[in-house]
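An overview of the molecular structure
The lines below spell out each chain.
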Amino acid sequence: MSKESVGITVSKNADFSEWYTQVVLKAQLADYAPVKGLIVLRPDGYAIWESIRETLDEKLKKTGHRNGFLPVLIPESLLTKEKDHFAGFNPEVFWVTHSGDTEIGDRLALRPTSETLAYSMYAKWIHSWRDLPLKINFWNTALRAEIKATKPFLRTSEFLWQEGHTVHATREDAEKEVFDILEIYKNTVEQTLAIPVITGKKSEKEKFVGAVYTTAIESMMPDGKALQMGTSHFLGQNFSKPFEVKFLDKNNVETFAWQTSWGVSWRLIGAMVMVHGDDKGLVLPPRVAPIQIVIVPIYYSEKDADRVQVKANEVEKILQDKGLRTHVDRRDEATPGFKFNDWELKGVPLRIEIGPKDLDKSKVTVARRHNRQKSDLPLDKIESDIESILQQIQDEMFTAAKKILEDRTVKVTDYNQFKSEVENGSFISAHWCGETRCEEKIKEETMADIRVIPFESGNTEGKCIYCGGKSVTSATFARAY
């Protein structure tokens, strides 16, 4: 067999980083590109992204957002119009300086994010309060020079994402948009990817450059590191003023608009691999699995082959007619055992095994990938029961992941205990005085930072976990990717 056919050779608990890389490569989600920092998305990986995109796209369109397209090149003069924002991205920017052998003059940046480009256009399009709200989403790529080791889906120099950019007549409308989007992100990740998240605001130190404040969804990975899953930013008028995004209000008074931006990336795929995968490979939630059900015909003689294959084809049609992504493994050169291992590696949620003895008993065997349990299912129950089995798998995967998140979330009041819990890989809820100095010292000493300040941080009375001063809030700390 080819090297891609070899299973996972390291335990998830023994070497998490190597395990993750093997799963991504051997399950054929992605591969490394010839250029450092870049990866190639293979069909299964892209199919998962399509499922995420379609789910999110539907929700965004229902809430009045429309899709647009922006070019990848941004003039340097545009980026520097919002100096603080540009300074935040400057170390990561790829620059285009030549067209052929000819210098182009004003350097062109390969899009690290699209605020400056989008808002230069919005200034041309918006004139009156009647033009608002303007709610546009862009499905595109971003490019940021990667200075650390490449990690597929988690740390790459180019990544697929969506970035929404909206303009509103009032602060209230813009802030409502920020929280509406965050709720859409939370529901999408939890309901589609079966990954539980926590929500809250970022600290001033950790917020998006140029934002008034940033909200985020975060989750805990099995190696004890938090992963930022999505962000939604209230930009206030920080961009509308330098880019002159303004309008005539109902009293015919010229007013600067209020803006938001928000995004999620293919980092969600990486999170899904880490949270659900096991030592056999991928474990895919049914809602995003490229193949939800694989049917494996089992026979060892020509006389059994025909009737088993006929029944497999019948079952495939029944399930496909129900809109389920179903595939019959018709490879004659591979043994049933090899097929089982192959589909387990690729994470297919449900396997249906059909052999002559099964047909004699008018049943099939169904194997669930997430817990590797097998059970019999009568042939006449396939059409009625398979969808509920897939839903049960989806629910059980979320429940298991949520329990892990809850078990890894702790409250502490002592700094020594704080440091111990950081080493344990926990989400740590602790009182904080609000001073950036304490936040920076905690990061320096423990490598943990504030992931979110929960919207409802509960009782703020207490002492800062670091300096012992009066607390102003409870914050959630963790080491992170």
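For the structure itself, look to the data block above.
Conventions adopted
Residues numbered from 1 in each chain as written. Predicted model: local features only at pLDDT ≥ 70, side-chain atom pairs only at ≥ 80, totals over all residues. Heavy atoms only, no water. Pairing = 2+ DSSP bridges. Helix = DSSP H or I, 4+ residues; strand = E, 2+ residues; numbered from the N terminus. Axes fitted to C-alpha atoms, helices over the stretch in contact; angles between N-to-C directions. Buried < 20%, exposed > 50% of the residue type's maximum accessible area, 1.4 Å probe, protein only. Left-handed = near helix turned anticlockwise from the far one by under 90°. Contact = heavy atoms within 4.5 Å. 1 Å grid on protein atoms, 1.4 Å probe; cavity = no way out; pocket = protein on both sides within 12 Å on 5 of 7 lines; lining within 4 Å. Points joined across faces, edges and corners; volume = space filled by probe spheres on them. Nonpolar A, V, L, I, M, F, W, Y, C, P; charged D, E, K, R; others polar. Parallel < 35°, antiparallel > 145°, perpendicular 65-115°, else oblique. Polar contact = N/O pair within 3.5 Å; in protein donor to acceptor, adjacent residues only side chain to side chain. Phe/Tyr/Trp six-rings, centres within 6.5 Å; stacked < 30°, edge-to-face > 60°. Lys NZ or Arg CZ within 6 Å of the ring centre and 35° of its normal.

**Let's talk about the pairing of strand 19 (residues 374-378)**
- Relative to strand 19, strand 18 (residues 363-368) runs antiparallel, the two being bridged by 5 bridges. In the strand pairing of strand 19, A367 is matched with K374.
- Taken together, strand 18 and the strand that follows it, strand 19, pair antiparallel across an intervening segment of 5 residues, in which R372 is found at a positive phi of about 60 degrees.

**Comments concerning the sheet that holds strand 18**
- Judged by pairing direction, the sheet is mixed, and its 5 strands sit side by side in the order 16-15-17-18-19 without closing on themselves. Two strands lie at the open edges of the sheet, namely strand 16 (326-328) and strand 19, each paired on one side alone. Averaged over neighbouring strand pairs, the angle between their axes works out to 25 degrees when direction is ignored.
- Relative to strand 16, strand 15 (residues 293-297) is paired through 3 bridges, and the arrangement is parallel. Bridging from a neighbouring strand, V294 pairs with H327 of strand 16.

**Focus on unusual backbone geometry**
- In this structure, P133 follows L132 across a cis peptide bond, with omega equal to -5 degrees.
- The phi angle at E244 is positive, at roughly 55 degrees, despite the residue not being glycine.
- Checked against the element boundaries, E244 lands in the loop between helix 7 (240-243) and strand 12 (246-248).
- Residue E244 is classed as partly exposed on the basis of its relative accessible area of 48%.
- Located in the positive-phi region is R372, a residue other than glycine, with phi close to 60 degrees.
- Along the chain, R372 falls in the loop between strand 18 and strand 19.

**As for the packing of helix 2 (residues 43-62) against helix 6 (residues 171-192)**
- Packing of helix 2 against helix 6 brings their axes to within 10 Å, and their N-to-C directions diverge by 145 degrees. You can see that helix 2 and helix 6 cross each other, and the crossing is right-handed. Contacts between helix 2 and helix 6 involve T55, L56, K59 and L60 from the first element and I181, I184, Y185, N187, T188, Q191 and T192 from the second.

**Quick look at the sheet that holds strand 5 (residues 94-99)**
- Within the open sheet, the 3 strands sit side by side as 4-6-5. Their pairing is antiparallel. Of all the strands in the sheet, the pair left with one neighbour each is strand 4 (73-75) and strand 5. Averaged over neighbouring strand pairs, the angle between their axes works out to 45 degrees when direction is ignored.
- Of the strand pairs in this sheet, strand 5 and strand 6 (residues 102-110) are connected by 5 bridges, and their pairing is antiparallel. Looking at strand 6, one finds that H98 is bridged to E103.

**Focus on empty space enclosed by the protein**
- Summed over all chains, the structure comprises 2 cavities of 30 Å³ or more.
- As a volume, the largest cavity reaches approximately 90 Å³.
- Elements supplying a minimum of two residues to the lining of the largest cavity: strand 10 (213-220) and helix 12 (382-407).
- With 3 residues, helix 12 is the largest single contributor of residues to the lining of the largest cavity.
- For the lining of the largest cavity, the class distribution of residues is 8 nonpolar, 1 polar and 1 charged.
- Space inside the second largest cavity adds up to approximately 40 Å³.
- Taken together, V294, W343, E344, V348, L350, R351, A367 and R369 make up the lining of the second largest cavity.
- If you list the elements that add at least two residues to the lining of the second largest cavity, you get helix 10 (336-345) and strand 17 (350-354).
- Its residues assigned to classes, the lining of the second largest cavity comprises 5 nonpolar, no polar and 3 charged.

**What to know about the side chain of K135**
- Structurally, the position occupied by K135 is in strand 7 (residues 134-143).
- Given the relative accessible area of 18%, K135 is considered buried.
- Ignoring any residue separated from it by four or fewer positions in sequence, one finds K135 in contact with T63, G64, H65, R66, H165, T166, H168 and E177.

**Description of the packing of helix 2 against helix 8 (residues 267-276)**
- Close contact between helix 2 and helix 8 brings their axes to 10 Å; oriented N to C, the two are set at 110 degrees. By the criterion of interaxial angle, the relationship of helix 2 to helix 8 is roughly perpendicular. Seen from helix 2, the contacting residues are G45, I48, W49 and I52; seen from helix 8, they are L268, I269 and M272.
- Of the residues in the contact of helix 2 with helix 8, the class split is 6 nonpolar, 1 polar and no charged.

**Re the environment of T215**
- Summarising the element assignment, T215 is placed in strand 10.
- Between the C-alpha atoms of T215 and T199, which are 16 residues apart in sequence, the distance is 7.3 Å.
- Those residues in contact with T215, other than ones at most four positions away along the chain, are V178, F179, L182, G200, K201, G230, T231, S232 and F455.
- Within the structure, T215 has its side chain in polar contact with the backbone oxygen of S232 (distance 2.8 Å).

**So, the packing of aromatic side chains**
- Following the criterion strictly, the structure yields 15 aromatic pairs and no others.
- When the centroid spacing of 5.7 Å and the interplanar angle of 45 degrees are considered together, the rings of Y119 and Y122 count as tilted. Placement of the pair is Y119 and Y122 together in helix 5 (residues 115-125), with a separation of 3 residues, close to one helical turn. Per residue, the accessibility class of Y119 equals that of Y122, and both read buried.
- Centre to centre, the rings of Y122 and W125 are 5.7 Å apart; their planes meet at 40 degrees, and the pair counts as tilted. Here the residue Y122 and the residue W125 both occupy positions in helix 5, the gap between them amounting to 3 residues, near one helical turn.
- Residue W125 is classed as partly exposed on the basis of its relative accessible area of 42%.
- A connected cluster of aromatic rings, assembled from ring pairs, spans Y119, Y122, W125, F239 and F243.
- A cation over a ring is seen here: K250 above W129, with NZ or CZ 4.7 Å from the ring centre.

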